[in-house]
Amino acid sequence: MQGPSDARLTTDGLEARGTGKVLALACGALAHEILALKKLNGWDALDLHCLPANLHLWPDRIPDAVEAAVNRFAPNYERIFVVYADCGTGGQLQSRCEALGVEMIEGPHCYAFFTGNDAFARIAENEITAFYLTDFLVRQFDAFVWRPMGFDRHPELIAMMFGNYEKLIYLAQTQDAALDAKARSHADRLGLAYERHFTGYGDLETALARVT
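Computed from a prediction, not measured in an experiment: that's the story for all the values here.

### Thoughts on unusual backbone geometry
Right, on to step 1. Not every positive phi belongs to a glycine, and Cys87 is a case in point at roughly 55°.
Right, on to step 2. Along the chain, Cys87 turns up in the loop between strand S3 (79-83) and helix H4 (92-100).
Right, on to step 3. Residue class for Cys87 comes out buried when judged on its relative accessible area of 13%.

The structure is reproduced here in structure tokens:
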């Protein structure tokens, strides 16, 4: 895979190039998808700055990190578009973006806007026992799930934390047999049934096209 490494995106994010008129201020977990869409659509006016993806381990830190980045980059761009969903902030990120006068992508989390927010809302009603992964989370499963939950040290915790889940659903942004196999292995490790749903880029592409 070309572009920044997942390890770098997890801990450091991605620095903006300083070119273009519109800045997508995004989670590092979305970098590969946004860069792919930029290339695919010829969005030369779009620049990308990513905050570290591991902020998701501490959602309460996301609003402050976004605000700091908006204040830093506002003088350099005509428009800043925040490519974070609510992401566990309990509405705080939306309120902060409104106070800063910047737009953010709609949706409760990336699972929803990759699937399509309306479609995910319908699906989620019948999938309350499902655990979701995206391409990035399949690749970074150990960093975001296995180690933070302590399963590497205490595998007995799996039954306690995932006892109410029945299946793992991999929401695939790309057609990649290796990622499919890896996602299936993660389901096996958690003792869950496995499903794969191809989403492509969903509402992410629509939202970026609107602001670019």
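The rest of the description comes next.
### Overview of helix H2 (residues 31-41)
Right, on to step 1. Among all positions of H2, only Ala31, His32, Glu33, Ile34 and Leu37 are buried.
Right, on to step 2. At the C-terminal side of H2, Gly42 shows a positive phi close to 65°.

### Observations concerning the sheet that holds S3
In sheet architecture, strand pairing relies on hydrogen bonds along the backbone and comes in two forms, parallel and antiparallel.
Right, on to step 1. Strand order in the open sheet formed by four strands is S2-S1-S3-S4, and the pairing between neighbours is parallel. In the strand order of this sheet, the two ends are held by strand S2 (46-51) and strand S4 (103-104), each with one partner.
Right, on to step 2. Looking at chain direction, S3 and S4 are connected through two bridges and run parallel. Each bridged residue has a counterpart across the sheet, and for Phe81 the counterpart in S4 is Glu103.
Right, on to step 3. Packed onto the sheet, H2 meets strand S1 (22-27), S2 and S3 and runs at close to 175° relative to S2.
Right, on to step 4. Packing against the sheet, helix H3 (residues 62-73) makes contact with S1, S2 and S3, and its axis sits at approximately 145° to S2.

### Points about the sheet that holds strand S5 (residues 130-133)
Right, on to step 1. Within the open sheet, the three strands sit side by side as S5-S6-S7. Their pairing is parallel. Sheet topology places S5 and strand S7 (193-198) at the edges, where each strand pairs with a single neighbour. Between one strand axis and the next, the sheet turns through 25° on average, direction left out of account.
Right, on to step 2. Across six bridges, the pairing between strand S6 (residues 167-172) and S7 is parallel. Residue pairing in the sheet places Lys167 in a bridge with Ala193 of S7.

Rules and cut-offs
- Residues numbered from 1 in each chain as written.
- Predicted model: local features only at pLDDT ≥ 70, side-chain atom pairs only at ≥ 80, totals over all residues.
- Heavy atoms only, no water.
- Helix = DSSP H or I, 4+ residues; strand = E, 2+ residues; numbered from the N terminus.
- Buried < 20%, exposed > 50% of the residue type's maximum accessible area, 1.4 Å probe, protein only.
- Pairing = 2+ DSSP bridges.
- Contact = heavy atoms within 4.5 Å.
- Axes fitted to C-alpha atoms, helices over the stretch in contact; angles between N-to-C directions.

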